[in-house]
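Survey of secondary and tertiary structure
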Amino acid sequence: QEQLVISGGGPVEAGGSLSLLCTAPGRTVSSYTVAYFRRPPGKEREFVGAIARDWSPDTTFYAASVKGRFTVSRDNARNTVVLQMSSLKSDDTAVYDCAATPHQIYGDRAYGNPGLYGYWSEGTQVTVSS
């Protein structure tokens, strides 16, 4: 049962940019740690990036493969967490989803553990063509 809503996926050319939006209907997203994950074709789900809940505002974490190219940020006015993706590569092709937890997460690596998130969106396809 999806409890988050993700939007913004689609096709994009290599080197281009795309943004994904994650919102939580009926909840204040700033009270949650929100993460993005992705599942490339034929591979396991992998962590992309996360932003800590408002105990540590604007604290973000990224997978090494996307650091410097992807940015996670909050748009509190729209109750949304944005994944801004730039310099996209064919390896970024995947089904992306977002996840959230109201609980504090301890340890930088823990942000990449999908088992710590209790709320999930359905996936959205991002296809990067070369």
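Anything mentioned here points back to the structure above.
Here's a quick rundown of the structure. Just so it is clear, the model here is predicted, and its values are computed rather than measured.

Notes on the state of the cysteines
The full count for this structure, using the stated rule, is one disulfide. Paired through a disulfide, Cys22 and Cys98 show a sulfur-sulfur distance of 2.1 Å. For the disulfide bridge between Cys22 and Cys98, the dihedral angle about the S-S bond is near 75°, and by the sign convention the bridge is right-handed. One end of the pair, Cys22, is in strand β3 (residues 18-23); the other, Cys98, is in strand β9 (residues 94-101), with 76 residues separating them in the sequence. Residue classification places Cys22 among the buried residues on the basis of a relative accessible area of 2%. For Cys98, a relative accessible area of 0% corresponds to the buried category.

Topic: the layout of surface pockets
The computed volume of the largest pocket comes to approximately 160 Å³. Surrounding the largest pocket, Arg38, Pro40, Pro41, Lys43, Glu46, Ser65, Arg69, Lys89, Ser90, Asp91, Asp92 and Thr93 form its lining. The class makeup of the residues in the lining of the largest pocket is two nonpolar, three polar and seven charged.

Notes on the packing of aromatic side chains
In total, this model carries five aromatic pairs according to the counting rule given. For the pair Phe37 and Trp120, a centre-to-centre distance of 5.3 Å together with 45° between the ring planes defines the contact as tilted. Separated by 83 residues along the polypeptide, Phe37 in strand β4 (residues 33-39) and Trp120 in strand β10 (residues 119-120) bring together distant segments of the chain. Trp120 carries the same exposure label as Phe37, and that label is buried. A connected cluster of aromatic rings, assembled from ring pairs, spans Phe37, Phe47, Tyr117 and Trp120.

Parameters at a glance
- The residue count restarts for each chain, going from 1 along the sequence in the order it is written.
- In keeping with the predicted nature of the model, local features appear solely for residues at pLDDT of at least 70, side-chain atom pairs appear and are counted solely at 80 or more, and the whole-chain, interface and lining totals rest on all residues.
- Computation of side-chain values covers all heavy atoms of the structure but excludes hydrogens and water.
- The disulfide criterion used throughout: a pair of cysteine sulfur atoms within 2.5 Å.
- A run of H or I in DSSP counts as a helix once it spans at least four residues, and a run of E counts as a strand once it spans at least two, with each numbered from the N terminus.
- Buried, partly exposed and exposed residues are distinguished by accessible area as a fraction of the type maximum, computed with a 1.4 Å probe on protein chains only: under 20%, between the cut-offs, and over 50%, respectively.
- Within this scheme a cavity is a closed region of a 1 Å grid, computed over the protein atoms alone, that accommodates a 1.4 Å probe without allowing it to escape, whereas a pocket is open but has protein on both sides within 12 Å along at least five of seven lines; lining residues each have an atom within 4 Å of a point.
- Grid points are joined across faces, edges and corners, and a volume is the space filled by probe spheres set on the points.
- Gly falls in the polar group here, along with every residue not listed as nonpolar (Ala, Val, Leu, Ile, Met, Phe, Trp, Tyr, Cys, Pro) or charged (Asp, Glu, Lys, Arg).
- Any pair of Phe, Tyr and Trp rings, taking the six-membered ring for Trp, is counted once the centres come within 6.5 Å. Such a pair is stacked with planes under 30 degrees apart, edge-to-face with planes over 60 apart, and tilted for the rest.

By themselves, these figures tell us nothing about what the structure is for.
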